[in-house]
Amino acid sequence: MARYRGPSTKIARKFGEEIFGYDKYFQRRKYAPGQHGQSRKRKTQSEYAIQLREKQKAKYTYGLLERQFYKTFEKALSKHGVTGEVLLQLLEARLDNTVFRLGFAATRRQARQVVLHKHVTVNDKVVNIPSFSLRPGDVIAIREKSKSLEVVSSALANSERKFSWLDVNDNLKEGKFLNYPSRDEIPEKINEQLIVELYSK
């Protein structure tokens, strides 16, 4: 299954943000990667370069490759509402992202692995598709035989994430997808309008 497998710190340094979550190596080197990362003077970026950078940041943040991301954009384009906001809502409704938001995994990468290894159920049915799109009212839970997993327990113990569109029960290790979040509820620093403008060319 296609996904980015390269060094996460290098990508975080490229964008100047911890897009994969807390990274102690990023904290040591917050400048761009490469031999001249600290000293090289950046040229003024074109409008296209700025839009492309924003799209790449969104792709890496949510763990999608180009084809998956574009298909999600097309789906957002076909729905009612502001395209950019709908795009982020669809990305937030992915199962792997929701497992991460609920605190069942420390990172989106780990959440993807937890889903792929069949540790997660949706409405009491095992789902091992990270891109599975949730709907309001869906109940996401860790399988009974997987509730003792160290990665899940550790992630929950260190999780302080609480989101208004999710209702989580730490003791039962389950949560409910209440509704699609509004743009101001989504904490990611992504300018979705730039992505819409890029794909509209």
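These lines cover the structure that appears in this document, whether it is placed above or below. Remember, predicted model here, so these are calculated numbers, not experimental data. (Residues numbered from 1 in each chain as written. Predicted model: local features only at pLDDT ≥ 70, side-chain atom pairs only at ≥ 80, totals over all residues. Heavy atoms only, no water.)

Turning to the packing of helix 4 (residues 66–77) against helix 9 (residues 192–199), a few remarks are in order. In the contact formed by helix 4 and helix 9, the axes pass within 12 Å of each other and the chain directions differ by 95 degrees. In this view, helix 4 runs roughly perpendicular relative to helix 9, as classed from their interaxial angle. Residues Glu66, Phe69, Tyr70 and Phe73 of helix 4 form the contact with helix 9, whose participating residues are Ile195, Val196 and Tyr199. For the contact of helix 4 with helix 9, the class distribution of residues is six nonpolar, no polar and one charged. (Axes fitted to C-alpha atoms, helices over the stretch in contact; angles between N-to-C directions. Helix = DSSP H or I, 4+ residues; strand = E, 2+ residues; numbered from the N terminus. Parallel < 35°, antiparallel > 145°, perpendicular 65-115°, else oblique. Contact = heavy atoms within 4.5 Å. Nonpolar A, V, L, I, M, F, W, Y, C, P; charged D, E, K, R; others polar.)

Attention now goes to the pairing of strand 3 (residues 139–142). Where strand 1 (residues 120–122) lies against strand 3, three bridges are found, and the strand directions are antiparallel. Looking across to strand 3, one finds that Val122 is bridged to Ile140. With three bridges connecting them, strand 3 and strand 5 (residues 174–177) associate as antiparallel partners. Looking at strand 5, one finds that Ile140 is bridged to Gly175. (Pairing = 2+ DSSP bridges.)

A word on the environment of Trp165. If you trace the backbone, Trp165 turns up in the loop between helix 8 (150–157) and strand 4 (166–169). Along the chain, Trp165 and Glu185 lie 20 residues apart, while their C-alpha atoms are 8.4 Å from each other. With near-sequence residues (within four places) excluded, Trp165 lies in contact with Glu92, Arg101, Lys176, Phe177, Leu178, Asn179, Pro181, Glu185, Ile186 and Pro187.

The next point concerns the packing of helix 4 against helix 5 (residues 83–92). Taken N-terminus to C-terminus, the directions of helix 4 and helix 5 make an angle of 125 degrees; their axes are 8 Å apart at the nearest point. Overall, the two elements helix 4 and helix 5 adopt an arrangement that is oblique. Where helix 4 crosses over helix 5, the two elements pack in a sense that is right-handed. Contacts between helix 4 and helix 5 pair Phe69, Thr72, Phe73, Lys75, Ala76 and Leu77 from the former with Thr83, Val86, Leu87, Leu90 and Leu91 from the latter. Its residues assigned to classes, the contact of helix 4 with helix 5 shows eight nonpolar, two polar and one charged. (Left-handed = near helix turned anticlockwise from the far one by under 90°.)

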